Amino acid sequence: MKITNKHQAPETLVALASREYYTKGAAQYSVTELLSPPRIRRLREQFHERVEQDVADMLWSMLGSALHVVMERGQTEGHITEERLFKEIDGVTISGQIDLQHERDGGVVITDYKFTSAWAVMADKPDWEQQLNVYRWLVETVKGNRVDALNICALIRDFSRHDTREGYPAAPIQMIPIPMWDLKETEDFVRRRLNAHRDAKVAHDFGDSLPECSPEERWQSETIYAVRREGRKTAIRVFKSIEEANELALKEKGYVETRPGEPKRCTGNYCGVADWCSQFQGERTT
Ligand code: SF4
């Protein structure tokens, strides 16, 4: 992967971005890779030499790495930080690095730090639930420790004290409890993910098409309908349903503007491989 510096950031930042912070050790899959869409993983592997990322777009991941370094300094009794666990399943080694394990009352509470947005904290995040449950499976099956609870510690980078929307986080640090799955279900889930990646690799190696990314994997946003009136700068109201929008537009003597949803991971190239992805490129030309 090439690191670019389009905004003339200091060289030290570029060096920092270029350094490999994250290692999956001897594992074939890190938990993050296992959970990522097979299409993205295969394309990243294929176009590794050509994938570019700018330092500016790596700010939050660099701060995430910095947090891990800082955490090492905050060693506290009964708290294990940054432990990497390895587990072999069906001949494949999976590894996961767990931010924090707090040993308490004979069990363990797992916490994962996330630099994230207020919006993400307010939305459903199934990937957080998956990741934490796979960590729990690692801790229970590798170390034999009972896990009592899972938490995300969200560090909200765009927190505003003035935002009073319902459900808006009360502070820039938010502890979010994550539901625990049955251990057997988690192992089945891990196997399904492994199979999905294996099938994609076989298909790719034989020149077959890759499985498509799902709307969730593409961060597909919903189409919304804004009711507007001539001469007014902002929308009167925004709806998810065209019927409701039409009804208000009639009442207000306005009109409805359709704002189509978009696959944000593709359009923003957050997967890094949008340029070589036939699924996304094919849609752009139709
Ligand atoms: S461009 Fe979109 S569909 Fe293609 S790999 Fe990236 S996220 Fe998936």
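My aim in this report is to walk through the structure given alongside it, one point at a time. As the structure is a prediction and not an experimental result, all values here were calculated from the model. (Residues numbered from 1 in each chain as written. Predicted model: local features only at pLDDT ≥ 70, side-chain atom pairs only at ≥ 80, totals over all residues. Heavy atoms only, no water.)

## Section: the site of the ligand
Then comes step 1: As a structural note, the neighbourhood of the ligand is formed by R39, I40, C213, R218, R265, C266, C271, A274, C277, Q279 and F280.
Then comes step 2: Among the residues forming the shell around the ligand, the class breakdown is seven nonpolar, one polar and three charged. (Near = heavy atom within 4 Å. Nonpolar A, V, L, I, M, F, W, Y, C, P; charged D, E, K, R; others polar.)

## With respect to a nonpolar patch on the surface
Then comes step 1: The grouping of L59, W60 and L63 at the surface amounts to a nonpolar patch, some 250 Å² of accessible area in total.
Then comes step 2: Of note, W60 is situated in helix α4 (residues 59–73). (Patch = residues over 30% accessible without salt bridge, like charges linked within 9 Å, V, L, I, M, F, W, Y side chains within 5 Å. Areas by Shrake-Rupley, 256 points an atom, 1.4 Å probe, with all protein chains shown as cover. Salt bridge = Lys/Arg side-chain N within 4 Å of Asp/Glu carboxyl O. Helix = DSSP H or I, 4+ residues; strand = E, 2+ residues; numbered from the N terminus.)

## So, the pairing of strand β5 (residues 92–104)
Remark: a regular strand shows side chains that alternate across the two faces of the sheet.
Then comes step 1: When you tally the buried positions in β5, you get ten out of 13 residues, the bulk of the element.
Then comes step 2: Pairing analysis gives two bridges linking strand β2 (residues 29–30) to β5, with the strands arranged parallel. Directly across from Y29, in β5, lies its bridge partner I94.
Then comes step 3: Bridge count for strand β4 (residues 79–89) against β5 is ten bridges, and the pairing is antiparallel. Residue pairing across strands places E88 opposite T93, the latter belonging to β5.
Then comes step 4: Pairing of β5 with strand β6 (residues 107–116), which is carried by five bridges, proceeds in the antiparallel orientation. Each bridged residue has a counterpart across the sheet, and for Q101 the counterpart in β6 is I110.
Then comes step 5: In sequence, β5 turns back onto β6 through a hairpin of two residues, with D105 there showing a positive phi of about 50 degrees. (Buried < 20%, exposed > 50% of the residue type's maximum accessible area, 1.4 Å probe, protein only. Pairing = 2+ DSSP bridges.)

By themselves, these figures tell us nothing about what the structure is for.
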